[in-house]
Each structure stands twice: as structure tokens, then as C-alpha cells.
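# Reading the structure
Listed below, chain by chain, are the residues.
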Amino acid sequence: GAVVSQHPSWVICKSGTSVKIECRSLDFQATTMFWYRQFPKQSLMLMATSNEGSKATYEQGVEKDKFLINHASLTLSTLTVTSAHPEDSSFYICSASMPRGTTSTGELFFGEGSRLTVL
Amino acid sequence: SQQGEEDPQALSIQEGENATMNCSYKTSINNLQWYRQNSGRGLVHLILIRSNEREKHSGRLRVTLDTSKKSSSLLITASRAADTASYFCATILRGSYQLTFGKGTKLSVIP
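The text that follows walks through the structure, step by step, so that each part is easy to find. Note that the structure is a prediction, hence the values are computed from the model and not measured.

What follows is about the overall build of chain B. The helix and strand tally for chain B stands at 0 helices and 11 strands. Counting from the amino terminus, helix and strand elements in chain B follow one another as β-β-β-β-β-β-β-β-β-β-β. Against the compact-globule benchmark of 13 Å for 111 residues, chain B has a radius of gyration of 13 Å, which places it among compact chains. For chain B, the spread of C-alpha atoms along the principal axes amounts to about 45 × 30 × 20 Å. Per-residue burial for chain B yields a buried fraction of 47% across its 111 residues. For chain B, the distance from the average position of its 14 positive side-chain charges to the average position of its 9 negative side-chain charges is 6 Å.

Now the structure itself:
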């Protein structure tokens, strides 16, 4: 159980276009999902926390108009990179936590990541 | 900002040897978790240790936590080539639900 699916696993796009990445919890309802960005050989940097039915909370330095997050249902969160530029090329990873009140201990379940390359 | 700092940044050992990775953090935590990441993949949760626990085992994994020193260690015994990956510690601060990751240790197990 506790599977998180992320799609697409890789995408190449032209500069100026927008790219949408989906994150789905397949067998549990995730009231909270997290989006991370990871540069080569570096750690994960939290970009934003996505709560179902409310606006995402962005970390300092992350442009909310650049990285649009939508958490429309308990099993789906999307990250849209708008007007992508080469410096947006990175590995984007989502994760989800079990709802509070369940057997959750704070463990996160991660998607497989999406590698974005902007030409 | 980074909460955890892993040490060493890279570790190369022979198959069958034990691998020890350390993690230090700065502020009070609810729990500390270790994750594994194969190259270009997502993260996989390995083990969680609560702030009131000192040691935990899971298969070939042994995790210790010293809250007085704000440090944790991950020991992988009898390493295998398949253990080659990056290992990250992550903490949940008191009063928070967000995980903050360290920079990771890249482990290479040579067959």
C-alpha cells in the first residue's frame, strides 16, 4: 500500500511553454502533498506544501506564479511550471503523507520523480 | 533551509563490509527518518526513529539517535551491490509536519 504515482517521468519542452506534472496517491487519501526540487547530486529542496481544497504554501524564494500548484482532490496534486526556462530544468519530486488521525507517523511516500529539461 | 547534515558525503566500500553514515541536525525534533534514493528515482522510506528512542533495527539496518548530540547514524551491515544509492536523513521539527532533508551520503558498494 501507500503508492504515489508521478507523471510524466520525464519531459522535454521548449523555452516559454508550460509543463504540468501530476502526483497521485493510488491507495490512500492524501490531505497533504509536498513538492520538491532536486538539482544533480544535491538534496531535496521543499518548494511548497499542497493541502486539498486550499491554496498551497510556498517556501521562501519559490515563485508562486511560476510554479502553480493545484490540489483539487484527496488523491491528486498538480505542479505546473509556467513559461519554463532552461534554469527550470530539474528533477521534481512529489510526496504525500497519510491523513492525521490514521496510523501515520510522519512517514512520506514519494513519487518516482519527473525530470524536466527545458531547451 | 537544511536541517540535517550527512557525513560522509560519499562512501565507497567492498561488498560484505558494513557502511555507517551519520547525520547531525540543529533543532529539537519529533522524529528522524532515513530514506534511500537510487539514481534518478524517487525516495524510499527506510526507517523512522522517534525522539524518545535510542536505537532501532530493520533487517540489515540499524539506526541510532542521540538527542543530546543531535545526531543519528545509519548502519548497513553485510552490504550488497544493490545497496548502492544515496541515503538521506530527514527530520520533522517539533510543532511541524514538514520533513527537512539533509544533503545525503552517496554510497557505492563494489562487488
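Next comes the rest of the write-up.
To continue, consider the environment of Leu65 of chain B. All names here are of chain B. Looking at the secondary structure, you find Leu65 in strand 7 (residues 61–66). Accessibility expressed as a relative area gives 3% for Leu65, which makes it buried. When the C-alpha atoms of Leu65 and Ile49 are compared, they prove to be 7.3 Å apart, with 16 residues separating the residues in sequence. Excluding anything up to four places from it in sequence, Leu65 contacts Tyr25, Ile29, Leu32, Ile49, Arg50, Ser51, Glu53, Arg54, Ser71 and Ser72.

With that settled, the discussion passes to the interface of chain B and chain A. Taken together, the 21 residues of chain B in the interface contact 23 residues of chain A. Surface buried jointly by chain B and chain A totals about 1600 Å² across both partners, of which 52% is contributed by carbon and sulfur atoms. Applying the counting criterion to the chain B and chain A interface returns 1 salt bridge. Put simply, Arg41 of chain B and Glu112 of chain A hold a salt bridge, and the shortest N to O gap is 2.5 Å. Our count for the contact surface shared by chain B and chain A stands at 5 residue pairs in polar contact (both at pLDDT 80 or more).

Moving on, we come to the sheet that holds strand 6 (residues 55–58) of chain B. Residue and element names in this part refer to chain B. Spatially, the 5 strands line up as an open sheet ordered 1-3-8-7-6, and their pairing is antiparallel. Of all the strands in the sheet, just strand 1 (5–7) and strand 6 have a single pairing partner and so form its edges. Strand after strand, the sheet turns through a mean of 15° between neighbouring axes, direction not considered. The sheet contact formed by strand 7 and strand 8 (residues 71–76) spans 6 bridges and is antiparallel. Among the inter-strand pairings, Leu61 is bridged to a residue of strand 8, identified as Ile76.

Further remarks concern the pattern of salt bridges. Residue and element names in this part refer to chain B. One pass over the structure, following the stated rule, counts 6 salt bridges over all chains. Here Glu53 and Lys56 are joined by a salt bridge, their closest N and O atoms 3.9 Å apart. A relative accessible area of 22% places Glu53 in the partly exposed class. Classification of Lys56 by relative accessible area gives partly exposed; the value is 25%.

Every disulfide links exactly two cysteines, by a covalent bond between their sulfur atoms. Applying the stated criterion to the full structure yields 2 disulfides over all chains. Paired through a disulfide, Cys23 of chain A and Cys94 of chain A show a sulfur-sulfur distance of 2.0 Å. The disulfide joining Cys23 of chain A to Cys94 of chain A has a torsion of about 80° about its S-S bond and is therefore right-handed. Note that Cys23 of chain A is positioned in strand 3 (residues 19–25) and Cys94 of chain A in strand 9 (residues 90–97), a separation of 71 residues in sequence. At a sulfur-sulfur separation of 2.0 Å, the disulfide partner of Cys23 of chain B is Cys89 of chain B. Across the S-S bond linking Cys23 of chain B and Cys89 of chain B, the dihedral sits near 65°, which makes this disulfide right-handed. One end of the pair, Cys23 of chain B, is in strand 3 (residues 19–24); the other, Cys89 of chain B, is in strand 9 (residues 85–93), with 66 residues separating them in the sequence. Overall, the relative accessible area of 1% leaves Cys23 of chain B in the buried class. Cys13 of chain A takes part in no disulfide bond, and the closest cysteine sulfur, belonging to Cys94 of chain A, lies 18 Å away.

Further remarks concern the pairing of strand 2 (residues 10–13) of chain A. Residues and elements named next belong to chain A. Burial of the side chains of strand 2 is restricted to one face: Val11 and Cys13 are buried, whereas none of Trp10 and Ile12 on the reverse face is. The pairing of strand 2 with strand 11 (residues 114–118) spans 4 bridges and is parallel. Looking across to strand 11, one finds that Cys13 is bridged to Val118.

Cut-offs applied
Within any chain, residue numbers begin from 1 and follow the written order of that chain's sequence. Whichever chain is written first becomes A and whichever ligand is written first becomes 1, with later ones labelled in order. Under the rules for a predicted model, residues below a pLDDT of 70 receive no local features and side-chain atom pairs below 80 are neither given nor counted, while totals for whole chains, interfaces and linings still include all residues. The basis for every side-chain value is the complete set of heavy atoms in the structure, and neither hydrogens nor water enter the calculation. Secondary structure elements follow DSSP: runs of H or I of four or more residues count as helices, runs of E of two or more count as strands, with numbering from the N terminus. Note that the radius of gyration is over C-alpha atoms, with the globule rule given as 2.2 Å times the number of residues to the power 0.38. Relative accessibility thresholds used throughout: buried, under 20% of the residue-type maximum; exposed, over 50%; partly exposed, between the two (1.4 Å probe, protein chains only). The convention is simple: Lys and Arg are positive, Asp and Glu are negative, and His and the chain ends are not counted. The atoms used to mark charge sites are NZ of Lys, CZ of Arg, CG of Asp and CD of Glu. The contact definition used throughout considers only heavy atoms, calling two residues in contact when any of these lie within 4.5 Å. Accessible area that two parts lose when put together, with a 1.4 Å probe and added across both, is what the buried area reports. In what follows, salt bridge is the name for a side-chain nitrogen of Lys or Arg lying within 4 Å of a carboxyl oxygen of Asp or Glu. Contacts described as polar in this section are N or O atom pairs within 3.5 Å, which, within protein, must combine one atom able to donate a hydrogen with one able to accept it, while residues neighboring in sequence count only if both atoms come from side chains. Any two strands between which DSSP finds at least two bridges are classified as paired. Lines are fitted to the C-alpha atoms to define the axes, a helix being fitted only along its stretch in contact, and any angle between axes, read from their N-to-C directions, falls within 0 to 180 degrees. Note on terminology: pairs of cysteine sulfur atoms within 2.5 Å are recorded as disulfides.

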